[in-house]
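# A closer look at the structure
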Amino acid sequence: MSSLKEKLYQKIEEHRPRTKKLLTDYCDVVVGEVTIGQAIGGMRGVKSLVTDISYLDPQEGIRYRGYTLPEVFEKLPKPPGAEMPYVEGLFSLLLTGEIPTDNEVADLADEFRKRRILPRYVYEVIDAFPSFSSPMAIFSAAILTMQRESFFAKKYQAGISKMDYWDPTYEDSLNLLAKLPEVASYIYAKLYRDGKRIQSNPNLDMGANFAHMMGIPPPYDDVSRLNFIIHADHESGNVSAHTGHLVASSLSDIYLSISAMINGLAGPLHGLANQEVLRWMQDLAEKMDGQIPSEDQMKKFVWDTLNSGQVIPGFGHAVLRKTDPRYTLQREFCQTHMKDDLLFQYTDVLYKVVPPILLEQGKAKNPWPNVDAQSGIIHWHYGITEYEFYTVLFGIGRSIGITANLIWDRALGYPLERPKSVTTEMLEKMAIAATADKGKNASKNCKDG
Ligand code: HAX
């Protein structure tokens, strides 16, 4: 057993009694209530999922295993000469809750290297896609194709004990994570570089190897590490994480679950937003003839977008109520490495003008920038100008957090997910009963959501 797997097993053994006690002694304790607004409104704020991998504080942003993002970047081991940590080290932290040592990360990076080779048929499946296919559709399909490799599916068929489900899920996760950069870089080569693929370099860590396969020199290796780490997890309720958890709850294996979560990530209100930001800014750059807009010109562009019924991409969040720390980290990178970049200068002006406008409009609960406001600009700067590919990069990162969650789902025996639905008529009856009970106060706060 590898040292990470051994450590994980120990953590699982320590954790299991906590979940068991909660279920046996306290299963009736109330966690929260659900309002009509929440039932119709996408279950915002309904506390009905459990994860210890990350927690999203509305004011502070994401914490991975209790560490803020700046702490994660400061504490995780880094490859020699790199500004950003090993992505492999993050997977170890998410799984065990402990910052790995240099040796532990070196071992894990080695495990990833050994597992990265793709079966031949994956290239063939990617080759078979018609031109102009969405890279996210190809990414999802390529992952799905590898389902035949699933250890979990084979072990399940053979009759494995429920207590051991986590083990083949761990193996599947490592195998898949190690392969995702290879899959993604081949999709890129196929779609945009006439299929000219750069072979992986077995001496490099995950971030550096991805940059190498994309043919982009440093500091893009650090961009890859930064990008994969900040996108890894955002607790369990976002569409991609929740989809992964939901699909895996029926004991679908990692390949089926990650392929499904990629499909959720592909939506414009989720992962696709980073490309929308860039498209929107390029449109402005064209209108401005490459000049930096004044604040007044930018205000007009923002209002025009809102008045045409569109959202301002890269701003707002379902949970966060402050500037996203993932935005701030990327901004710091841009200030060091690309502060004269035209589009980066646009984001500066946007940061000043958008929040007051969204506040004045009075709809968005959070007027501040999110992770997607910067990421596309960085990839563009380093030569990845094909917007539609950006969500694939997000997908590699998000897979790290979701697989860590799914291994723990199996370790703690989380069951099939099955919430209950009601009809509109039932809600109407509840509304009438509540109004009769409390008078007009029953609907008092609805405008605030
Ligand atoms: N521009 C204009 N209007 C916005 C807005 C924005 N950036 N953000 C929210 N609103 C509007 C909503 O469309 C909604 O309007 P309606 O009542 O007419 O439907 C209203 O404000 C209330 O929305 P909310 O409660 O503040 O936000 P939601 O939880 O419904 O949605 C979103 C959160 C992130 C989807 C939303 O803020 C949005 O559409 N932002 C722009 C797209 C974007 O940047 N998405 C990426 C988010 C980060 C992420 O998950 N990446 O994967």
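See the structure above.
Attention here is on the structure that accompanies the text. On a predicted model such as this, the values are computed, not experimentally measured, just so you know.

### Regarding the overall build of the chain
The number of helices and strands found in the chain is 20 helices and three strands. For 449 residues, the compact-globule formula gives about 22 Å, and the C-alpha radius of gyration of the chain, at 23 Å, lands near that figure. Expressed along its principal axes, the backbone C-alpha trace of the chain runs to roughly 65 × 65 × 45 Å. Out of the 449 residues belonging to the chain, those deemed buried represent 51%. Residue pairs at least 24 apart in sequence account for 77% of intrachain contacts in the chain once pairs closer than 6 positions are excluded. Accessible surface computed for the chain: about 21600 Å², of which carbon and sulfur atoms make up 53%. One finds the centroid of the 49 positive side-chain charges in the chain at a distance of 4 Å from the centroid of its 56 negative side-chain charges.

### Some thoughts on a nonpolar patch on the surface
Together, Ile36, Ile40, Val422, Met426 and Met430 make up a nonpolar patch on the protein surface, roughly 460 Å² of accessible area in all. Inspection of the secondary structure puts Ile36 in helix H2 (residues 36–40).

### Some thoughts on the site of the ligand
Inspection of the region around the ligand gives 21 residues, with His270, Gly314, Phe315, Lys365 and Asp372 positioned closest. Backbone polar atom of Gly314 to an oxygen atom of the ligand: 2.8 Å apart, as the coordinates give it. Measuring from an oxygen atom of the ligand, one finds a backbone N or O atom of Lys365 at 2.7 Å. In isolation the ligand offers 910 Å² of accessible surface; the protein chains occlude 76% of this area. Of the residues contributing to the shell around the ligand, the split by class is eleven nonpolar, six polar and four charged.

### Some remarks on the packing of helix H18 (residues 372–381) against helix H19 (residues 390–411)
Orientation of H18 relative to H19, taken along the N-to-C sense of each, is 110°, at an axis distance of 10 Å. By the angle between their directions, the pair H18 and H19 is classed as roughly perpendicular. Considering the relative orientation of H18 and H19, their crossing is right-handed. For the pair formed by H18 and H19, the contact residues are Asp372, Gly376, His379 and Trp380 on the first element and Tyr390, Leu393 and Phe394 on the second. Here the contact of H18 with H19 is composed, by residue class, of four nonpolar, two polar and one charged.

### Regarding the packing of helix H6 (residues 120–128) against helix H9 (residues 166–192)
Two elements in contact, H6 and H9, have axes whose closest approach is 10 Å; the angle formed by their N-to-C orientations is 35°. Crossing angle aside, the handedness with which H6 passes H9 is right-handed. Between H6 and H9, the contacting residues are Val122, Tyr123, Ile126 and Asp127 on the first element and Val183, Tyr186, Ile187 and Lys190 on the second. Among the residues making up the contact of H6 with H9, the classes are represented as six nonpolar, no polar and two charged.

### Examining the packing of aromatic side chains
Using the criterion set out here, one finds 16 aromatic pairs in the structure. Taken together, the ring pairs connect Phe152, Tyr156 and Tyr165 into an aromatic cluster. In this arrangement the basic side chain of Arg331 is found over the ring face of Tyr351, its NZ or CZ atom lying 5.9 Å from the centre.

### Let's talk about the sheet that holds strand E1 (residues 54–57)
If you walk across this open sheet you meet the three strands as E1-E2-E3, and the pairing is antiparallel. Unpaired on one side and paired on the other, E1 and strand E3 (67–68) mark the two borders of the sheet. Where strand E2 (residues 61–64) and E3 come together, two bridges link them in antiparallel fashion. Within E3, the position partnered with Tyr64 by the bridge is Tyr67.

### Side note on the pattern of salt bridges
Throughout the structure, instances matching the rule amount to 27 salt bridges. With its nearest N and O atoms 2.5 Å apart, the salt bridge here joins Lys11 to Glu98. Taken together, the positions of Lys11 in helix H1 (residues 3–25) and Glu98 in the loop between helix H4 (87–96) and helix H5 (102–114) put the pair 87 residues apart, joining distant regions of the chain. Among the residues examined, Glu98 registers a relative accessible area of 31% and is labelled partly exposed.

### Regarding the pairing of E2
As judged from the four bridges shared by E1 and E2, these two strands associate in the antiparallel manner. Bridge pairing in E2 places Tyr55 opposite Arg63. Between E1 and E2, which pair antiparallel one after the other, the connecting turn spans three residues. Between the antiparallel neighbours E2 and E3 lie two residues, among them Arg65 with a positive phi of about 50°.

### Examining unusual backbone geometry
In this structure, Pro219 follows Pro218 across a cis peptide bond, with omega equal to 10°. Turning to its location among the elements, Pro219 is positioned in the loop between helix H10 (206–214) and helix H11 (220–230). We note that Leu251 has phi near 65°; this positive angle belongs to a residue other than glycine. Position of Leu251 relative to the elements: it lies in the loop between helix H12 (239–248) and helix H13 (254–265).

### A closer look at the nonpolar core
Leu90, Phe91, Phe139, Val302, Phe389 and Ile400 are the most contacted members of the largest nonpolar core, which totals 112 residues. Ranked by residues supplied to this core, first place goes to H9 with 13 residues. In this structure Val302 touches Trp280, Ile312, Leu350, Val353, Val354 and Ile357, once residues within four positions along its chain are discounted.

### Description of helix H16 (residues 325–337)
Quick reminder: α-helices carry 3.6 residues per turn. Residues three or four places apart thus point the same way. An ideal rise of 1.5 Å per residue puts 18 Å on 13 residues; H16 measures up with 18 Å between its terminal C-alpha atoms. Taken together, the buried positions of H16 are Pro325, Arg326, Tyr327, Leu329, Gln330, Arg331, Phe333 and Cys334.

Conventions and cut-offs
- Along each chain, residue indices are assigned from 1 in the same order as the chain's sequence is written.
- Where totals are concerned, whole chains, interfaces and linings use all residues; where local detail is concerned, this predicted model gives features only for residues with pLDDT of at least 70, and gives and counts side-chain atom pairs only at 80 or more.
- For the side-chain quantities, the full set of heavy atoms in the structure was used; hydrogens and water were omitted.
- Helix and strand assignments follow DSSP, with helices taken as H or I runs no shorter than four residues and strands as E runs no shorter than two, numbered in order from the N terminus.
- With the radius of gyration taken over C-alpha atoms, the globule rule is written as 2.2 Å times the number of residues to the power 0.38.
- Residue exposure (1.4 Å probe, protein chains only): buried if accessible area is under 20% of the type maximum, exposed if over 50%, otherwise partly exposed.
- Working rule for contacts: check all heavy atoms of both residues, and any pair within 4.5 Å makes them a contact.
- Note on areas: these come from Shrake-Rupley sampling with a 1.4 Å probe, and a residue is covered only by the protein chains present in the view.
- Only four residue types enter the charge count, namely Lys and Arg as positive and Asp and Glu as negative; His and the chain termini do not.
- Lysine's charge is taken at NZ, arginine's at CZ, aspartate's at CG and glutamate's at CD.
- By definition, no residue in a patch forms a salt bridge, and every one has over 30% relative accessible area; like charges are joined within 9 Å, nonpolar side chains (Val, Leu, Ile, Met, Phe, Trp, Tyr) within 5 Å.
- Salt bridge, as used here: a side-chain nitrogen of Lys or Arg that lies within 4 Å of a carboxyl oxygen of Asp or Glu.
- Residues are labelled near a given molecule or strand when at least one of their non-hydrogen atoms is within 4 Å of it.
- Polar contacts, as used here, are pairs of N or O atoms within 3.5 Å; protein pairs need one atom able to donate a hydrogen and one able to accept it. Residues neighboring in sequence count only if both atoms are side-chain atoms.
- Residue polarity follows a fixed list, in which Ala, Val, Leu, Ile, Met, Phe, Trp, Tyr, Cys and Pro are nonpolar, Asp, Glu, Lys and Arg are charged, and the others, Gly among them, are polar.
- Axis lines are fitted to C-alpha atoms, over the contacting stretch for helices. Their N-to-C directions set the angle, which ranges from 0 to 180 degrees.
- In these notes the angle categories are as follows: under 35 degrees is roughly parallel, over 145 is roughly antiparallel, 65 to 115 is roughly perpendicular, and the rest is oblique.
- For a crossing to be left-handed, the near helix must be turned anticlockwise from the far one by less than a right angle; the clockwise case is right-handed.
- Aromatic pairs are defined between Phe, Tyr and Trp rings, using the six-membered ring for Trp, whenever the two ring centres lie within 6.5 Å; interplanar angles under 30 degrees are classed as stacked, those over 60 as edge-to-face, and all others as tilted.
- Here, a charge over a ring is recorded when the distance from Lys NZ or Arg CZ to the ring centre is within 6 Å and its angle to the ring normal is within 35 degrees.
- Should DSSP find at least two bridges between two strands, the strands are regarded as paired.
- We call a set of buried residues a nonpolar core when its members are Ala, Val, Leu, Ile, Met, Phe, Trp, Tyr or Cys and they connect through side-chain atoms within 4.5 Å of each other.
- Expected span, for any helix, means 1.5 Å times one less than how many residues it has.

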